[in-house]
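Given next are the chains, with one letter for each unit.
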Amino acid sequence: MRRRIVRLTIALAAVAIAVFGIPLAAGVAQYLLADQYAQLERLAAASAIAVSGDLSARQPTAPAGSGSDLKIGVYDDHGVKVSGDGPDRSVPLVADALSGGSSRGTLDSRPGVAAPISDGDAIVGAVLVTASRSDVYLRIGLIWLLMLALALAALLVAWVLARRQARRLVSPLQALSTVAERLGGGDFTVRTAAVGIAEIDSVNESVNRTAARLGALLDRERAFSADASHQLRTPVTGLRLQLEAALDQPAADLRQAITEALTTTDRLQATIDDLLALARNSPQPTENLDVNTLVDGIRGRWHPILARRGKPLRLVVTGSPRAQVSTAALTQILDVLIDNADRHGAGAITVTVRALDDAVAIDVADEGPPLQDDLGVLFQRRSVQAGGHGIGLALARRLAESQGGRLHLANPDPPTFTLLLPGGNPIERPAPLPGTANPAR
């Protein structure tokens with residue numbers, strides 16, 4: 001492409017030089033030839049004045065600097081040469097001059113001018129001045145040579161500028177090609193830089209936006225894969241426990257077991273849908289927080305799993321919680337926190353829903369050892385230093401922030417995570433759960 005740009009630029013420059021240079025060269029030649037005739041006319045007029053008194057009294061001479069090949073001849077009124085250099089008899093130029101006016105033309109391929117010699121009102125003779133064109137042709141040749149040198153210099157400058165401009169145009173395109181190849185190879189972090197050319201910068205911006213979108217899409221797909229494997233572990237475990245319990249009890253009601261398995265399967269499907277919506281940045285509809293539904297859902301999902309492991313589940317509600325929140329997002333957050341307490345904690349797991357002045361707080365605590373993790377990396381995704389919390393806690397915090405809330409570690413000993421949600425419309429306080437005055441098992 002560089003060579004094509006250079007060749008095209010040189011061709012355009014050559015055409016422009018030819019279009020303007022050839023007429024200019026022809027004009028210069030015509031000007032110099034006309035100027036030679038003008039000089040001959042002035043010399044013929046001066047010579048006619050010099051010999052007007054007596055045609056044979058004085059031999060006319062050429063002035064200094066007028067050229068060594070200049071010939072001046074004086075003729076009487078009959079066209080006979082009286083003195084000087086020139087034809088002996090009258091020629092058409094002399095005849096025209098004797099008729100009353102100066103004339104110009106060529107004589108033996110030499111430019112010549114004849115001027116009349118007057119004595120009062122009568123024409124008594126003529127002066128014929130001729131010269132060689134060699135000096136004029138030499139001047140024309142030198143000027144044309146200078147013009148040719150200038151044209152070559154202009155072409156050289158055009159070549160240098162064309163190479164520079166070609167490099168300026170081609171280098172960004174080569175860089176763009178490299179970026180496209182890296183994008184095709186899966187590197188979506190690559191970006192192009194502005195080069196100051198509007199058209200190329202527009203393409204660069206489009207490529208950068210495409211790379212950013214592809215990178216974000218790939219990140220969301222990877223996040224979905226990691227989040228799905230993390231979040232589906234618990235429902236799958238619950239489904240397996242239900243089926244194993246049905247197999248361990250020969251007299252078990254298989255219809256009830258299948259119904260419970262289908263309910264768990266629906267939860268799996270709901271979890272997958274929620275994670276897909278999160279990965280695609282789909283907006284989640286919000287609704288009034290229903291504490292009864294929240295508590296029943298936690299109990300249904302986690303009580304069988306925790307009971308089999310010998311861990312009590314305590315559900316506590318204080319005050320009249322009210323909030324606007326996506327049920328799907330809240331479910332995923334609490335599942336992450338309870339799973340985190342189950343996997344890394346010990347003893348009973350307590351979920352407390354508290355009503356604040358303008359918010360709702362949900363605490364998830366266990367009776368395990370104090371957390372020793374660095375709080376700065378606790379919620380970082382896939383952090384090696386986070387002690388295994390790199391997927392779930394990062395997902396939970398991201399979901400909390402998408403709901404306008406905040407998730408943080410309220411107390412490392414005993415480990416307690418608190419989810420704060422902005423307040424919403426008041427809802428009905430759930431009835432006390434059987435077996436306790438306030439908590440629900």
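Up top is the structure these notes are about.
Small disclaimer: the values here were computed from a predicted structure and weren't measured. (Residues numbered from 1 in each chain as written. Predicted model: local features only at pLDDT ≥ 70, side-chain atom pairs only at ≥ 80, totals over all residues. Heavy atoms only, no water.)

**A look at unusual backbone geometry**
With an omega of -5 degrees, the peptide bond between D413 and P414 qualifies as cis. The residue P414 is located in the loop between strand 11 (406-412) and strand 12 (415-422) in this model. A positive phi angle, close to 55 degrees, is found at D108, a residue other than glycine. Mapping D108 onto the fold places it in the loop between strand 3 (103-107) and strand 4 (110-119). In this structure, S109 is a non-glycine residue whose phi angle is positive, near 65 degrees. (Helix = DSSP H or I, 4+ residues; strand = E, 2+ residues; numbered from the N terminus.)

**Some details on the nonpolar core**
Judged by nonpolar contacts, the single largest core of 38 residues is most densely connected at I298, L330 and I362. When contributions to this core are tallied by element, the ones reaching two or more residues are helix 7 (291-308), strand 7 (313-318), helix 8 (327-344), strand 9 (349-355), strand 10 (359-365), helix 9 (392-402), strand 11 and strand 12. Of all the elements, helix 8 adds the most residues to this core, at eight residues. When neighbours within four sequence positions are excluded, I298 is seen to be in contact with H303, L313, L315, L334, I338 and V351. L43, V51, I117 and V127 belong to the second largest nonpolar core, which has 15 residues in total. (Core = buried A, V, L, I, M, F, W, Y, C linked by side-chain atoms within 4.5 Å. Buried < 20%, exposed > 50% of the residue type's maximum accessible area, 1.4 Å probe, protein only. Contact = heavy atoms within 4.5 Å.)

**Things to note about the side chain of T130**
With respect to the element layout, T130 can be found in strand 5 (residues 122-130). A relative accessible area of 6% places T130 in the buried class. Setting aside its immediate chain neighbours within four residues, T130 contacts D69, L70, K71, L107, R110, P111 and G112.

**A short note on a nonpolar patch on the surface**
On the surface, a nonpolar cluster with roughly 330 Å² of combined accessible area is contributed by V15, V19 and F20. Note on placement: V15 falls in helix 1 (residues 2-50). (Patch = residues over 30% accessible without salt bridge, like charges linked within 9 Å, V, L, I, M, F, W, Y side chains within 5 Å. Areas by Shrake-Rupley, 256 points an atom, 1.4 Å probe, with all protein chains shown as cover. Salt bridge = Lys/Arg side-chain N within 4 Å of Asp/Glu carboxyl O.)

**A word on helix 1**
Between its first and last C-alpha atoms helix 1 spans 70 Å; for 49 residues at 1.5 Å apiece the expected length is 72 Å, and the two agree. Remark: the principal bend of helix 1, roughly 25 degrees, maps to G21, with a proline, P23, within the next four residues. (Expected span 1.5 Å × (residues − 1). Bend = angle between axes of the 7 residues up to and from the residue.)

**Points about the environment of P92**
When you line up the elements, P92 lands in helix 2 (residues 92-98). Distance in space between the C-alpha atoms of P92 and S103 is 9.0 Å, their sequence separation being eleven residues.

**Looking at helix 9**
Taken together, the buried positions of helix 9 are occupied by G392, L393, A394, L395, A396, L399 and A400. Phi for G404, located one or two positions after helix 9, is positive at around 80 degrees.

**Topic: the sheet that holds strand 3**
The five strands lie next to each other as 2-1-5-4-3, forming an open sheet whose pairing is antiparallel. Both edges of this open sheet fall to strand 2 (81-84) and strand 3, since each of them pairs with a single strand only. The sheet shows a mean angle of 25 degrees between the axes of neighbouring strands, direction not considered. Here five bridges tie strand 3 to strand 4, and the two strands are oriented antiparallel to one another. The residue of strand 4 that forms the bridge with S103 is A114. (Pairing = 2+ DSSP bridges. Axes fitted to C-alpha atoms, helices over the stretch in contact; angles between N-to-C directions.)

**A word on the packing of helix 1 against helix 3 (residues 134-184)**
For any two helices packed against each other, one specifies the crossing angle of their axes together with the interaxial distance. Interhelical geometry of helix 1 versus helix 3 gives an angle of 160 degrees and a closest axis separation of 8 Å. By the angle class used here, helix 1 and helix 3 are roughly antiparallel. Helix-helix and strand crossings are classified by hand; for helix 1 and helix 3 the assignment is right-handed. (Parallel < 35°, antiparallel > 145°, perpendicular 65-115°, else oblique. Left-handed = near helix turned anticlockwise from the far one by under 90°.)

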